[in-house]
Amino acid sequence: MENYRQSTSEPAIQFSWMRPEAPCEWRRDYELKWPDAVHLSTSFRDDPAGPWLLCSARGSLYEPLRHHRDLHREFARLPLGEDDASLDALADFASRYGRLGVPSLPIKPASTDSRARAGEHHADWRRTIRRIGGLVELLDVYRSADIERAQRLVSWSEDERAIDLVYLWPGDTESTQVSVLREILTTDTVDLAQFKSWRSSSLDHERYLEPIEYFLCREVSESLGEHLSPQLRPKSGFELRCDSLLGALYVMLAKRIAGI
């Protein structure tokens, strides 16, 4: 019975991903197979020529969470541009670790009506690198207890009833102001107690670093909810299933935030 309690109290995250057998490449000479599809996002409609990431549909399985525990940091350092050198760096990452797992769309060579292939749009890669890169940088501020940097990032309202994060995300030209907590809008009793504790504190660590940790936990938890699903398996018990390499990157980041 003791073994059963141990196995269910600490659910394992099951995940394997395909490493393509041939190098991936970014292509600009492909277009959407069905450009009028109503479900397409704005980025696909505005830039249907990509660039698009193409990878082999054949490859071998590996376990990123077991063998590449800090892959999120390598991903966060990837370039955001569309120049040849930047695309080569992204293609090298995809060739070594596989597709990201963002929505793939059927695309075909622009000059022919040949068989469609699945491609990932550069806009999705750029958006994800920007977000994970920013979260990793904020984690480093928190872990290094960089009070001076934290004081520039965390902004208390004049009446001290709201906390914002003012941050220049990777690739952006202007800082973005994001809400961390608003006293008047907070309904969770634990969050409200935390907010009041920060406000009454005279310690810089509590007033500036802990709100960054709170923001990190909230943002990563939201992403984990999109990529992890609970499974109850005969004999093996309770498991969490990860749906993509992107999901695994958020798991890695979550573990570092939690100090695991």
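Above: the structure in question.
Rules used in this analysis
Residues numbered from 1 in each chain as written. Predicted model: local features only at pLDDT ≥ 70, side-chain atom pairs only at ≥ 80, totals over all residues. Heavy atoms only, no water. Pairing = 2+ DSSP bridges. Helix = DSSP H or I, 4+ residues; strand = E, 2+ residues; numbered from the N terminus. Axes fitted to C-alpha atoms, helices over the stretch in contact; angles between N-to-C directions. Salt bridge = Lys/Arg side-chain N within 4 Å of Asp/Glu carboxyl O. Buried < 20%, exposed > 50% of the residue type's maximum accessible area, 1.4 Å probe, protein only. Parallel < 35°, antiparallel > 145°, perpendicular 65-115°, else oblique. Contact = heavy atoms within 4.5 Å. Nonpolar A, V, L, I, M, F, W, Y, C, P; charged D, E, K, R; others polar.

Caption draft 1: A look at the sheet that holds strand 13 (residues 237-242). Read from one edge to the other, the open sheet built from 3 strands follows the order 1-13-12, with strand pairing classed as mixed. If you trace the sheet from one side to the other, it starts and ends with strand 1 (12-14) and strand 12 (228-233), each paired once. Averaged over neighbouring strand pairs, the angle between their axes works out to 40 degrees when direction is ignored. Relative to strand 13, strand 12 is paired through 6 bridges, and the arrangement is antiparallel. In the sheet register, Ser229 faces strand 13, and the bridge partner there is Arg241.

Caption draft 2: The pattern of salt bridges, seen in detail. Here the structure, examined in full by the defined rule, presents 20 salt bridges. For Arg27, the salt bridge goes to Glu25, with nearest N and O atoms at 3.1 Å. Note on Arg27: relative accessible area 22%, which makes it partly exposed. Owing to a relative accessible area of 34%, Glu25 belongs among the partly exposed residues under this scheme. Several salt bridges converge on common partners, so that one network encompasses Glu25, Arg27 and Asp29.

Caption draft 3: Structural detail: the packing of helix 5 (residues 84-97) against helix 6 (residues 122-143). Between helix 5 and helix 6, whose axes approach to 12 Å, the crossing angle comes to 85 degrees. On the basis of their axis angle, the class for helix 5 and helix 6 is roughly perpendicular. Listed contacts from helix 6 to Leu87, Leu90, Phe93 and Ala94 of helix 5 are His122, Trp125 and Ile129. Along the lines of polarity and charge, the residues of the contact of helix 5 with helix 6 split into 6 nonpolar, 1 polar and no charged.

Caption draft 4: Examining the packing of helix 6 against helix 10 (residues 245-257) more closely. Remark: helix 6 packs on helix 10, axes separated minimally by 11 Å, with the N-to-C direction vectors making an angle of 10 degrees. With respect to helix 10, the axis of helix 6 lies roughly parallel. Here Thr128, Arg131, Ile132, Leu135, Val136, Leu139 and Arg143 of helix 6 come into contact with helix 10, specifically with Leu246, Leu249, Tyr250, Leu253, Arg256 and Ile257. Split by residue class, the contact of helix 6 with helix 10 holds 9 nonpolar, 1 polar and 3 charged.

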